[in-house]
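Working through the structure, step by step
Here are the chains, one letter per residue:
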Amino acid sequence: MKKHIFTLGATALVSIGIADAASADTDTHKVKAGETLFSISQQHNVTVEDLKKWNCLSSTLIYANQTLQIGSTSTDSPSSSTPTTTSSNHTYTVKSGDTLYRIAKNNGTSVQQLKEWNNLSSHLIYVNQVLKISGTGTVSSSPSAPVQEKTNETPASPAPSNSKSYKVQPGDTMWSVAQRHGISISQLKQWNNLSSNTIYINQVLQVGGQAAAQAKPSTPSTSTPAPAPAQESKSVSKEITVEATAYTAYCAGCSGITATGIDLRSNPNRKVIAVDPRVIPLGSRVYVEGYGEAIAGDTGGAIKGTRVDLFMASQSSALNWGRKTVKLQILD
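Keep in mind the model is a prediction, meaning the values are calculated, not measured.

What follows is about the overall build of the protein chain. Scanning the protein chain for helices and strands turns up 9 helices and 15 strands. Expressed as a percentage of its 332 residues, the buried residues of the protein chain come to 45%. Look at the contacts in the protein chain between residues 6 or more apart in sequence, and 66% of them connect residues 24 or more apart. As presented, the protein chain carries roughly 16600 Å² of accessible surface, and 51% of it is formed by carbon and sulfur atoms.

Per the counting criterion, the structure on display carries 1 aromatic pair. Here the aromatic rings of Tyr247 and Phe311 are separated by 6.0 Å at their centres, their planes lie at 55°, and the arrangement is tilted. With Tyr247 in strand β10 (residues 236-247) and Phe311 in strand β14 (residues 307-311), this residue pair connects regions lying 64 residues apart in the sequence. Taken as a pair, Tyr247 and Phe311 share a single burial class, namely buried. The ring of Tyr291 is capped by Lys271, whose NZ or CZ atom sits 4.2 Å from the centre of that ring. Its end group placed over the ring of Trp321, Lys324 keeps NZ or CZ at 4.0 Å from the ring centre.

Mapping Ser284 onto the fold places it in the loop between β11 (272-274) and β12 (285-288). By relative accessible area, which is 6% here, Ser284 ends up buried. There is a polar contact of 2.8 Å between the side chain of Ser284 and the backbone oxygen of Pro281. With sequence-adjacent residues up to four places away left out, Ser284 is seen in contact with Asn197, Ala294, Ile295, Ala296 and Ile330.

Right, let's get into the pairing of β14. Consecutive side chains along a regular strand alternate between the two faces of the sheet. Burial analysis of β14 places 4 of its 5 residues in the buried class, which makes it a mostly covered element. Bridging between β10 and β14 involves 5 bridges; their strand directions are parallel. Paired with Thr245 across the two strands is Asp309, which belongs to β14. For β11 and β14, the ladder comprises 2 bridges, and the chain directions are antiparallel. Within β14, the residue paired with Ala274 across the bridge is Asp309.

Evaluated as defined, the whole model comprises 5 salt bridges. With its nearest N and O atoms 3.6 Å apart, the salt bridge here joins Arg180 to Asp172.

As a rule of thumb, non-glycine residues mostly have phi less than zero, and peptide bonds are mostly trans rather than cis. The backbone of Asn65 shows a phi angle near 75°, a positive value even though the residue is not glycine. You can see Asn65 is positioned in the loop between α2 (48-54) and β2 (67-70). Taking the relative accessible area as the measure of exposure, Asn65 reaches 56% and is therefore exposed. The residue Asn193 is not glycine, and still its phi comes out positive at about 55°.

What the 6 strands build is a closed barrel, ordered β10-β14-β11-β13-β12-β15; its pairing is mixed. Strand-to-strand twist of the sheet, defined as the mean angle between neighbouring strand axes without regard to direction, takes the value 45°.

Among the structural elements, Val326 can be located in strand β15 (residues 324-331). As a C-alpha pair, Val326 and Glu289 span 37 residues in sequence and 5.7 Å in three-dimensional space. If near-sequence neighbours (up to four positions away) are discounted, Val326 is found in contact with Ile240, Thr241, Val242, Ala244, Val288, Glu289 and Trp321.

What follows covers the nonpolar core. The nonpolar side chains of a soluble globular protein tend to be buried with one another. One finds Ile273, Ile280, Tyr291, Leu310 and Leu328 to be the most contacted residues of the largest nonpolar core, which totals 44 residues. If one sorts the elements of this core by residue count, β10 sits on top with 5 residues. Grouped together as the second largest cluster of nonpolar side chains are 12 residues, Ile103, Ala104, Val111 and Leu131 included.

Averaged over all residues, the pLDDT of the protein chain is 74; the fraction at 70 or higher stands at 69%. Across residues 4-25, confidence stays below pLDDT 50; counting only partners more than four residues off in sequence or on other chains, it has 90 contacts. Confidence drops under a pLDDT of 50 for residues 136-162, and excluding neighbours within four residues, the segment shows 62 contacts in the predicted structure.

This part covers helix α1 (residues 37-44). Along α1, the residues that are buried comprise Leu37, Ile40 and Ser41. Along the axis of α1, the buried positions cluster into a sector of 100°, meaning they face one direction only. Looking at the packing, one finds that the buried side of α1 touches β1 (27-30), α2 and β2. Two residues or fewer after α1 comes Asn45, characterised by a positive phi angle close to 60°.

Let us look at the pairing of strand β13 (residues 292-298). Across the 7 residues of β13, 6 count as buried, placing the element largely inside the fold. Pairing of β12 with β13 involves 4 bridges; the strand directions are antiparallel. Counterpart to Val286 in the pairing with β13 is Ala294. Linking β12 to β13, which pair antiparallel, is a turn of 3 residues; within it Gly290 sits at a positive phi near 85°.

Each value, and the rule that gives it
Residues numbered from 1 in each chain as written. Predicted model: local features only at pLDDT ≥ 70, side-chain atom pairs only at ≥ 80, totals over all residues. Heavy atoms only, no water. Helix = DSSP H or I, 4+ residues; strand = E, 2+ residues; numbered from the N terminus. Buried < 20%, exposed > 50% of the residue type's maximum accessible area, 1.4 Å probe, protein only. Contact = heavy atoms within 4.5 Å. Areas by Shrake-Rupley, 256 points an atom, 1.4 Å probe, with all protein chains shown as cover. Phe/Tyr/Trp six-rings, centres within 6.5 Å; stacked < 30°, edge-to-face > 60°. Lys NZ or Arg CZ within 6 Å of the ring centre and 35° of its normal. Polar contact = N/O pair within 3.5 Å; in protein donor to acceptor, adjacent residues only side chain to side chain. Pairing = 2+ DSSP bridges. Salt bridge = Lys/Arg side-chain N within 4 Å of Asp/Glu carboxyl O. Axes fitted to C-alpha atoms, helices over the stretch in contact; angles between N-to-C directions. Core = buried A, V, L, I, M, F, W, Y, C linked by side-chain atoms within 4.5 Å. pLDDT = per-residue confidence, 0-100. Arc of directions from axis to C-beta.

Structure representation (C-alpha coordinates):
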(Lines give C-alpha, C1' and ligand atoms only; values in the text may rest on other atoms or scores of the structure.)
Protein backbone atom coordinates (compact mmCIF):
# COMPACT_ATOMS: atom_id res chain seq x y z
CA MET A 1 0.00 0.00 0.00
CA LYS A 2 1.50 3.35 -1.06
CA LYS A 3 2.42 5.58 1.86
CA HIS A 4 3.82 9.17 1.97
CA ILE A 5 5.91 11.16 4.51
CA PHE A 6 5.75 8.76 7.45
CA THR A 7 4.04 6.12 5.42
CA LEU A 8 5.67 3.53 3.24
CA GLY A 9 4.38 2.13 -0.05
CA ALA A 10 3.24 -1.45 -0.07
CA THR A 11 3.19 -3.69 -3.09
CA ALA A 12 -0.05 -5.66 -3.09
CA LEU A 13 0.15 -9.39 -3.42
CA VAL A 14 -1.87 -10.68 -6.28
CA SER A 15 -4.49 -13.35 -6.01
CA ILE A 16 -6.80 -15.13 -8.35
CA GLY A 17 -8.67 -12.99 -10.91
CA ILE A 18 -10.60 -13.63 -14.07
CA ALA A 19 -8.85 -12.31 -17.18
CA ASP A 20 -11.00 -11.38 -20.12
CA ALA A 21 -10.32 -10.32 -23.69
CA ALA A 22 -12.07 -7.02 -24.34
CA SER A 23 -14.42 -6.43 -27.23
CA ALA A 24 -13.59 -4.06 -30.08
CA ASP A 25 -15.12 -1.00 -28.42
CA THR A 26 -13.59 -1.47 -24.94
CA ASP A 27 -10.11 -0.73 -23.57
CA THR A 28 -7.86 -3.17 -21.75
CA HIS A 29 -5.14 -2.69 -19.17
CA LYS A 30 -2.31 -5.14 -18.49
CA VAL A 31 -1.54 -5.23 -14.75
CA LYS A 32 2.02 -4.25 -13.81
CA ALA A 33 3.87 -5.29 -10.66
CA GLY A 34 2.84 -3.08 -7.75
CA GLU A 35 -0.46 -1.94 -9.25
CA THR A 36 -3.78 -2.20 -7.42
CA LEU A 37 -7.38 -1.89 -8.58
CA PHE A 38 -7.45 1.54 -6.96
CA SER A 39 -4.41 2.85 -8.86
CA ILE A 40 -5.73 1.41 -12.15
CA SER A 41 -9.17 2.97 -11.57
CA GLN A 42 -7.51 6.36 -11.04
CA GLN A 43 -5.54 6.01 -14.30
CA HIS A 44 -8.72 5.34 -16.31
CA ASN A 45 -11.07 7.65 -14.36
CA VAL A 46 -13.38 4.82 -13.30
CA THR A 47 -14.29 3.30 -9.94
CA VAL A 48 -12.95 0.16 -8.29
CA GLU A 49 -16.49 -1.24 -8.28
CA ASP A 50 -16.72 -0.72 -12.06
CA LEU A 51 -13.47 -2.64 -12.58
CA LYS A 52 -14.67 -5.48 -10.36
CA LYS A 53 -18.02 -5.64 -12.21
CA TRP A 54 -16.51 -5.52 -15.70
CA ASN A 55 -14.01 -8.29 -14.84
CA CYS A 56 -16.19 -10.46 -12.52
CA LEU A 57 -13.81 -9.96 -9.56
CA SER A 58 -15.03 -10.94 -6.10
CA SER A 59 -12.20 -9.08 -4.34
CA THR A 60 -9.66 -6.32 -5.03
CA LEU A 61 -6.78 -8.78 -5.51
CA ILE A 62 -5.26 -8.94 -9.01
CA TYR A 63 -2.33 -10.61 -10.83
CA ALA A 64 0.72 -9.07 -12.44
CA ASN A 65 0.31 -9.44 -16.26
CA GLN A 66 -3.45 -9.95 -15.86
CA THR A 67 -5.44 -8.20 -18.61
CA LEU A 68 -8.32 -6.15 -17.22
CA GLN A 69 -11.26 -4.89 -19.26
CA ILE A 70 -11.89 -1.15 -18.96
CA GLY A 71 -15.48 -0.60 -20.03
CA SER A 72 -18.80 -2.45 -20.38
CA THR A 73 -19.08 -5.67 -22.36
CA SER A 74 -22.61 -4.87 -23.52
CA THR A 75 -21.51 -4.89 -27.16
CA ASP A 76 -19.53 -8.12 -27.05
CA SER A 77 -20.08 -10.09 -30.19
CA PRO A 78 -22.09 -13.25 -29.62
CA SER A 79 -20.04 -14.95 -32.34
CA SER A 80 -17.16 -15.38 -29.86
CA SER A 81 -19.19 -17.83 -27.82
CA THR A 82 -21.48 -19.53 -30.32
CA PRO A 83 -23.14 -22.56 -28.63
CA THR A 84 -23.23 -26.00 -30.23
CA THR A 85 -26.22 -28.29 -29.82
CA THR A 86 -26.16 -31.85 -28.56
CA SER A 87 -29.51 -33.64 -28.29
CA SER A 88 -31.98 -31.40 -26.40
CA ASN A 89 -29.36 -29.57 -24.38
CA HIS A 90 -26.99 -26.79 -25.51
CA THR A 91 -23.25 -26.96 -24.85
CA TYR A 92 -20.29 -24.68 -25.43
CA THR A 93 -16.60 -25.57 -25.80
CA VAL A 94 -14.34 -23.12 -23.96
CA LYS A 95 -11.88 -21.14 -26.12
CA SER A 96 -8.71 -19.31 -25.12
CA GLY A 97 -9.60 -16.00 -23.42
CA ASP A 98 -13.13 -17.07 -22.43
CA THR A 99 -14.54 -16.37 -18.97
CA LEU A 100 -17.74 -17.57 -17.32
CA TYR A 101 -19.04 -13.98 -17.43
CA ARG A 102 -18.58 -13.65 -21.21
CA ILE A 103 -20.01 -17.12 -21.95
CA ALA A 104 -23.05 -16.42 -19.74
CA LYS A 105 -23.66 -13.01 -21.36
CA ASN A 106 -23.37 -14.31 -24.92
CA ASN A 107 -25.81 -17.15 -24.19
CA GLY A 108 -28.44 -15.17 -22.31
CA THR A 109 -27.85 -16.75 -18.92
CA SER A 110 -26.05 -15.94 -15.65
CA VAL A 111 -22.70 -16.98 -14.18
CA GLN A 112 -24.52 -18.58 -11.24
CA GLN A 113 -26.64 -20.71 -13.58
CA LEU A 114 -23.55 -21.85 -15.50
CA LYS A 115 -21.87 -22.84 -12.24
CA GLU A 116 -24.95 -24.77 -11.08
CA TRP A 117 -25.47 -26.57 -14.40
CA ASN A 118 -21.80 -27.61 -14.52
CA ASN A 119 -21.16 -28.25 -10.81
CA LEU A 120 -18.47 -25.53 -10.70
CA SER A 121 -17.30 -24.29 -7.31
CA SER A 122 -15.31 -21.35 -8.72
CA HIS A 123 -15.01 -19.19 -11.86
CA LEU A 124 -12.07 -21.23 -13.22
CA ILE A 125 -12.57 -22.86 -16.63
CA TYR A 126 -10.28 -24.55 -19.15
CA VAL A 127 -9.62 -24.42 -22.88
CA ASN A 128 -11.65 -27.21 -24.62
CA GLN A 129 -13.79 -27.75 -21.52
CA VAL A 130 -17.40 -28.46 -22.55
CA LEU A 131 -19.95 -26.45 -20.57
CA LYS A 132 -23.69 -26.98 -20.47
CA ILE A 133 -25.38 -23.62 -21.15
CA SER A 134 -29.04 -24.70 -20.77
CA GLY A 135 -31.12 -27.56 -19.43
CA THR A 136 -30.18 -29.89 -16.56
CA GLY A 137 -27.36 -32.27 -15.85
CA THR A 138 -23.63 -31.85 -16.31
CA VAL A 139 -21.39 -32.21 -19.32
CA SER A 140 -17.80 -33.05 -18.45
CA SER A 141 -14.65 -33.27 -20.49
CA SER A 142 -10.94 -33.53 -19.87
CA PRO A 143 -9.38 -30.05 -20.09
CA SER A 144 -6.33 -29.82 -22.30
CA ALA A 145 -4.91 -26.57 -20.96
CA PRO A 146 -5.99 -24.25 -18.13
CA VAL A 147 -7.27 -20.78 -18.90
CA GLN A 148 -6.12 -19.79 -15.42
CA GLU A 149 -3.80 -21.50 -13.02
CA LYS A 150 -5.95 -23.30 -10.49
CA THR A 151 -3.93 -22.16 -7.50
CA ASN A 152 -6.83 -21.55 -5.14
CA GLU A 153 -8.02 -25.12 -5.07
CA THR A 154 -4.99 -26.86 -3.59
CA PRO A 155 -6.46 -30.06 -2.12
CA ALA A 156 -6.06 -30.45 1.58
CA SER A 157 -5.08 -33.77 3.08
CA PRO A 158 -8.03 -36.10 3.84
CA ALA A 159 -9.67 -35.02 7.07
CA PRO A 160 -10.73 -37.42 9.83
CA SER A 161 -14.43 -38.12 10.04
CA ASN A 162 -14.77 -35.87 13.09
CA SER A 163 -12.81 -32.93 11.65
CA LYS A 164 -14.00 -29.41 10.91
CA SER A 165 -13.29 -27.35 7.80
CA TYR A 166 -13.20 -23.65 6.93
CA LYS A 167 -13.44 -21.94 3.52
CA VAL A 168 -10.96 -19.07 3.16
CA GLN A 169 -12.60 -15.64 2.67
CA PRO A 170 -11.14 -12.44 1.14
CA GLY A 171 -8.79 -10.77 3.64
CA ASP A 172 -8.14 -13.97 5.63
CA THR A 173 -4.62 -14.89 6.70
CA MET A 174 -3.26 -18.05 8.29
CA TRP A 175 -3.07 -16.13 11.56
CA SER A 176 -6.67 -14.83 11.45
CA VAL A 177 -8.02 -18.31 10.62
CA ALA A 178 -6.02 -19.85 13.46
CA GLN A 179 -7.24 -17.21 15.91
CA ARG A 180 -10.86 -17.65 14.82
CA HIS A 181 -10.73 -21.39 15.60
CA GLY A 182 -8.52 -21.25 18.70
CA ILE A 183 -5.61 -23.16 17.21
CA SER A 184 -2.01 -22.38 16.22
CA ILE A 185 -0.55 -21.68 12.78
CA SER A 186 1.69 -24.75 13.10
CA GLN A 187 -1.39 -26.95 13.66
CA LEU A 188 -3.13 -25.47 10.61
CA LYS A 189 -0.06 -26.11 8.45
CA GLN A 190 0.33 -29.67 9.76
CA TRP A 191 -3.35 -30.61 9.26
CA ASN A 192 -3.38 -29.19 5.72
CA ASN A 193 0.12 -30.24 4.58
CA LEU A 194 1.15 -26.60 4.02
CA SER A 195 4.80 -25.64 3.71
CA SER A 196 4.23 -21.86 3.95
CA ASN A 197 1.76 -19.33 5.37
CA THR A 198 0.22 -18.61 1.96
CA ILE A 199 -3.50 -19.43 1.58
CA TYR A 200 -6.03 -18.69 -1.16
CA ILE A 201 -9.58 -17.41 -1.39
CA ASN A 202 -12.09 -20.34 -1.45
CA GLN A 203 -9.41 -22.78 -0.27
CA VAL A 204 -10.91 -25.29 2.20
CA LEU A 205 -8.79 -25.73 5.33
CA GLN A 206 -9.10 -28.39 7.99
CA VAL A 207 -9.37 -26.57 11.32
CA GLY A 208 -10.00 -29.50 13.66
CA GLY A 209 -8.20 -32.84 13.66
CA GLN A 210 -8.67 -36.23 15.24
CA ALA A 211 -5.52 -35.78 17.29
CA ALA A 212 -6.86 -32.55 18.77
CA ALA A 213 -10.14 -34.26 19.71
CA GLN A 214 -8.30 -37.15 21.40
CA ALA A 215 -6.15 -34.74 23.39
CA LYS A 216 -9.23 -33.39 25.21
CA PRO A 217 -9.54 -35.18 28.59
CA SER A 218 -12.79 -37.07 29.11
CA THR A 219 -12.62 -36.83 32.93
CA PRO A 220 -11.41 -34.07 35.26
CA SER A 221 -7.74 -34.31 36.17
CA THR A 222 -6.14 -33.27 39.45
CA SER A 223 -2.77 -32.71 37.81
CA THR A 224 -1.59 -29.39 36.42
CA PRO A 225 -3.63 -28.58 33.29
CA ALA A 226 -1.83 -28.76 29.95
CA PRO A 227 -1.08 -25.43 28.30
CA ALA A 228 -3.94 -24.04 26.20
CA PRO A 229 -3.50 -23.77 22.43
CA ALA A 230 -3.12 -20.00 22.75
CA GLN A 231 -0.02 -20.54 24.91
CA GLU A 232 1.43 -22.94 22.40
CA SER A 233 0.89 -20.46 19.54
CA LYS A 234 2.81 -17.73 21.39
CA SER A 235 6.14 -19.57 21.37
CA VAL A 236 8.93 -17.32 20.08
CA SER A 237 10.82 -18.70 17.09
CA LYS A 238 13.09 -15.67 16.59
CA GLU A 239 13.84 -12.28 18.12
CA ILE A 240 15.43 -9.40 16.23
CA THR A 241 16.05 -5.69 16.72
CA VAL A 242 14.21 -3.54 14.17
CA GLU A 243 13.82 0.10 13.22
CA ALA A 244 10.07 0.84 13.37
CA THR A 245 8.16 3.72 11.76
CA ALA A 246 4.38 4.13 11.41
CA TYR A 247 1.75 4.75 8.73
CA THR A 248 -2.04 5.10 8.27
CA ALA A 249 -4.56 3.91 5.68
CA TYR A 250 -5.59 7.43 4.64
CA CYS A 251 -2.51 8.95 3.04
CA ALA A 252 -2.92 10.57 -0.40
CA GLY A 253 -3.31 7.84 -3.02
CA CYS A 254 -3.56 5.02 -0.47
CA SER A 255 -6.15 2.31 -1.12
CA GLY A 256 -6.29 1.05 2.47
CA ILE A 257 -5.77 -2.55 1.28
CA THR A 258 -2.57 -4.31 2.42
CA ALA A 259 -0.36 -6.63 0.39
CA THR A 260 -2.22 -9.62 1.87
CA GLY A 261 -5.70 -8.17 1.26
CA ILE A 262 -6.48 -6.76 4.72
CA ASP A 263 -8.88 -3.79 4.52
CA LEU A 264 -7.36 -1.40 7.07
CA ARG A 265 -10.05 1.25 6.65
CA SER A 266 -12.74 -1.24 7.58
CA ASN A 267 -10.59 -2.66 10.40
CA PRO A 268 -8.90 0.37 12.02
CA ASN A 269 -8.11 -1.56 15.20
CA ARG A 270 -6.20 -4.37 13.46
CA LYS A 271 -2.56 -4.69 14.44
CA VAL A 272 -0.70 -4.95 11.13
CA ILE A 273 2.90 -4.26 10.22
CA ALA A 274 4.71 -3.92 6.90
CA VAL A 275 7.82 -6.09 6.60
CA ASP A 276 10.51 -7.30 4.24
CA PRO A 277 9.24 -10.85 3.44
CA ARG A 278 12.83 -12.04 3.09
CA VAL A 279 13.34 -11.35 6.80
CA ILE A 280 9.83 -11.82 8.24
CA PRO A 281 7.46 -14.04 6.16
CA LEU A 282 4.10 -12.49 5.28
CA GLY A 283 1.34 -13.92 7.44
CA SER A 284 3.64 -14.39 10.46
CA ARG A 285 2.44 -13.44 13.92
CA VAL A 286 4.83 -11.05 15.63
CA TYR A 287 5.17 -9.17 18.90
CA VAL A 288 6.58 -5.64 18.64
CA GLU A 289 7.89 -3.91 21.74
CA GLY A 290 5.64 -0.95 22.54
CA TYR A 291 3.05 -1.93 19.87
CA GLY A 292 1.88 -5.40 20.85
CA GLU A 293 0.98 -8.58 18.96
CA ALA A 294 0.37 -8.08 15.24
CA ILE A 295 0.25 -9.78 11.86
CA ALA A 296 2.97 -9.28 9.23
CA GLY A 297 0.41 -8.40 6.57
CA ASP A 298 1.90 -5.66 4.42
CA THR A 299 5.01 -4.67 2.46
CA GLY A 300 6.53 -1.39 1.36
CA GLY A 301 8.99 -0.10 -1.20
CA ALA A 302 11.27 1.32 1.51
CA ILE A 303 10.83 -1.59 3.91
CA LYS A 304 14.08 -3.49 3.60
CA GLY A 305 15.94 -5.80 5.96
CA THR A 306 15.14 -5.16 9.62
CA ARG A 307 13.04 -2.07 9.00
CA VAL A 308 9.28 -2.34 9.68
CA ASP A 309 6.27 -0.01 9.42
CA LEU A 310 3.45 -0.17 12.00
CA PHE A 311 -0.17 0.52 11.03
CA MET A 312 -1.85 3.20 13.15
CA ALA A 313 -5.54 4.13 13.13
CA SER A 314 -4.86 7.89 13.08
CA GLN A 315 -2.26 10.29 11.74
CA SER A 316 -1.59 11.70 15.22
CA SER A 317 -0.78 8.22 16.55
CA ALA A 318 1.59 7.60 13.64
CA LEU A 319 3.35 10.94 14.19
CA ASN A 320 3.59 10.31 17.93
CA TRP A 321 5.28 6.98 17.27
CA GLY A 322 7.89 8.55 15.00
CA ARG A 323 10.92 6.30 14.51
CA LYS A 324 12.06 3.85 17.18
CA THR A 325 14.50 0.97 17.57
CA VAL A 326 12.61 -1.86 19.27
CA LYS A 327 12.66 -5.62 19.81
CA LEU A 328 10.47 -7.77 17.54
CA GLN A 329 9.60 -11.41 18.26
CA ILE A 330 8.43 -13.77 15.50
CA LEU A 331 5.87 -16.12 17.05
CA ASP A 332 5.19 -19.79 16.12
